[in-house]
Amino acid sequence: MSLLVFGSTALDSISTPKKKNPRLLGGSGSHAAVAASFFIAPRLIGVVGTDFPKKYISLFKKHKVNIKGLKVRDGKTFHWAGEYEVNMNNRRTLSTELGVVDGYSPVLPAAHRKLKYVLLANNPPGAQEAIIDQLDKPKFIVADTMDLWMNVAMNDLRSLLKRVDMLVLNDSEARQLTGDDNVVSSLSKLHKYGPKYVIVKKGEHGAILSSKKGLFVAPAFPLAKVEDPTGAGDSFVGALVGYLAKNAGSIDANIRKAVLYGSVVASFCCEGFGLNRTTKTTRAEINKRLRELEKMTSA
Ligand code: AMP
């Protein structure tokens, strides 16, 4: 089975207390597609400007990310700048320049419409729903989102949630979306909005999966040093859906392992700026870290 990934393809300028790194490859779609590529060759949908460096196109190709659906438009690539505080958990958005994303409506190439597994990585919920409108009998649709869309596009987000199988969001977003301070009790509200599967990410404290089979509590892989957590959430969901798409069959049979793979690939993302570490990772390293994580969490 193949996987469709729709998300932002960006240039990110990231500052941490130790380093500043301008215009690195970033974006929810880029992180998610590269993470998924350790399991399956994903097809990325998005838009970049004429300033998008060729070396990043080569990087996608090297990782077997199919970019037939990556449109090049006249203008500048989406640019996001963010800054981390000393604890590396709190992040501030310094600027968001839409560039060629402004006025872009995603159109799926004919061959992409029949894909069964679909990841709608963080993007405006209206654009995410426009992708669903073009799909022909999808099997499993996963959506990621962020607080911004709850502030500026809540109606679109609620409309999207009725049409997705899984929602992935972080704990503060779960609280904001439901108005419930307790993440565990927010889960039943999130299911009522539509998705049968909900994952709440809690950064370095792992993630909770909720489904009709109950809860699954997954740890994050413990890291002694975090260089840049940008894209960790996208890497988590990219690896998770990549694993599910590769091991097609019952979602319930595969989902727990998929979540653990998500934690592991996200941990590699945190060890370098942008995609620097993830793109140097191998499947063997990922499998080794998965075994370590399983060992650390079994009684
Ligand atoms: P994460 O650290 O997982 O929350 O993802 C950070 C990535 O999201 C960065 O690579 C950004 O380029 C991308 N991003 C930031 N703001 C937006 C936005 N408004 N829409 C889509 N992608 C965004």
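Going by the structure above, here's the rest.
Residues numbered from 1 in each chain as written. Predicted model: local features only at pLDDT ≥ 70, side-chain atom pairs only at ≥ 80, totals over all residues. Heavy atoms only, no water.

## What to know about the site of the ligand
Then comes step 1: The local shell around the ligand holds 20 residues, among which Asp 12, Gly 27, Arg 91, Gly 231 and Asp 234 are the closest.
Then comes step 2: In this structure, an oxygen atom belonging to the ligand sits 2.5 Å away from a side-chain N or O atom of Asp 12.
Then comes step 3: Arg 91 places a polar side-chain atom, nitrogen or oxygen, 2.8 Å from an oxygen atom of the ligand.
Then comes step 4: Against a free-state accessible area of 510 Å², the protein chains account for coverage of 89% of the ligand.
Then comes step 5: Across the shell around the ligand, the residue classes tally to eight nonpolar, nine polar and three charged. (Near = heavy atom within 4 Å. Polar contact = N/O pair within 3.5 Å; in protein donor to acceptor, adjacent residues only side chain to side chain. Areas by Shrake-Rupley, 256 points an atom, 1.4 Å probe, with all protein chains shown as cover. Nonpolar A, V, L, I, M, F, W, Y, C, P; charged D, E, K, R; others polar.)

## A closer look at the packing of aromatic side chains
Then comes step 1: One pass over the structure, following the stated rule, counts seven aromatic pairs.
Then comes step 2: With centroids separated by 5.9 Å and ring planes inclined at 55°, the aromatic side chains of Phe 52 and Tyr 56 adopt a geometry described as tilted. The same class applies to Phe 52 and to Tyr 56, which are both buried.
Then comes step 3: Relative to Phe 60, the ring of Phe 52 has its centre 6.5 Å away and its plane inclined at 15°; by these criteria the two rings are stacked. The burial state of Phe 52 is the same as that of Phe 60; both residues are buried.
Then comes step 4: Of the aromatic side chains, those joined through ring pairs into one cluster are Phe 39, Tyr 243 and Tyr 261.
Then comes step 5: Geometry around Tyr 193 places Arg 158 over its ring, the cationic atom sitting 3.8 Å from the centre.
Then comes step 6: Geometry around Phe 268 places Arg 289 over its ring, the cationic atom sitting 3.8 Å from the centre. (Phe/Tyr/Trp six-rings, centres within 6.5 Å; stacked < 30°, edge-to-face > 60°. Buried < 20%, exposed > 50% of the residue type's maximum accessible area, 1.4 Å probe, protein only. Lys NZ or Arg CZ within 6 Å of the ring centre and 35° of its normal.)

## Thoughts on the pattern of salt bridges
Then comes step 1: Scanning the model with the defined rule gives 15 salt bridges in all.
Then comes step 2: For Glu 227, the salt bridge is made with Lys 19, and the minimal N-O distance between the two is 3.9 Å. Taken together, the positions of Glu 227 in the loop between strand E13 (214-218) and helix H8 (232-246) and Lys 19 in the loop between strand E2 (10-15) and strand E3 (20-26) put the pair 208 residues apart, joining distant regions of the chain.
Then comes step 3: By relative accessible area, which is 23% here, Glu 227 ends up partly exposed.
Then comes step 4: The class for Lys 19 is partly exposed, based on a relative accessible area of 41%.
Then comes step 5: Of the charged contacts, one joins Glu 294 and Lys 257 as a salt bridge, the two residues approaching to 3.7 Å between their closest N and O atoms. A residue pair is termed long-range when its members are at least 10 positions apart, and Glu 294 in helix H10 (residues 283-297) and Lys 257 in helix H9 (residues 251-270) qualify at 37 residues.
Then comes step 6: For Glu 294, a relative accessible area of 29% corresponds to the partly exposed category.
Then comes step 7: Take Lys 257: its relative accessible area is 34%, and that puts it in the partly exposed class.
Then comes step 8: Here the salt bridges share partners, and the residues they tie into one network are Glu 271, Arg 277, Glu 285 and Arg 289. (Salt bridge = Lys/Arg side-chain N within 4 Å of Asp/Glu carboxyl O. Helix = DSSP H or I, 4+ residues; strand = E, 2+ residues; numbered from the N terminus.)

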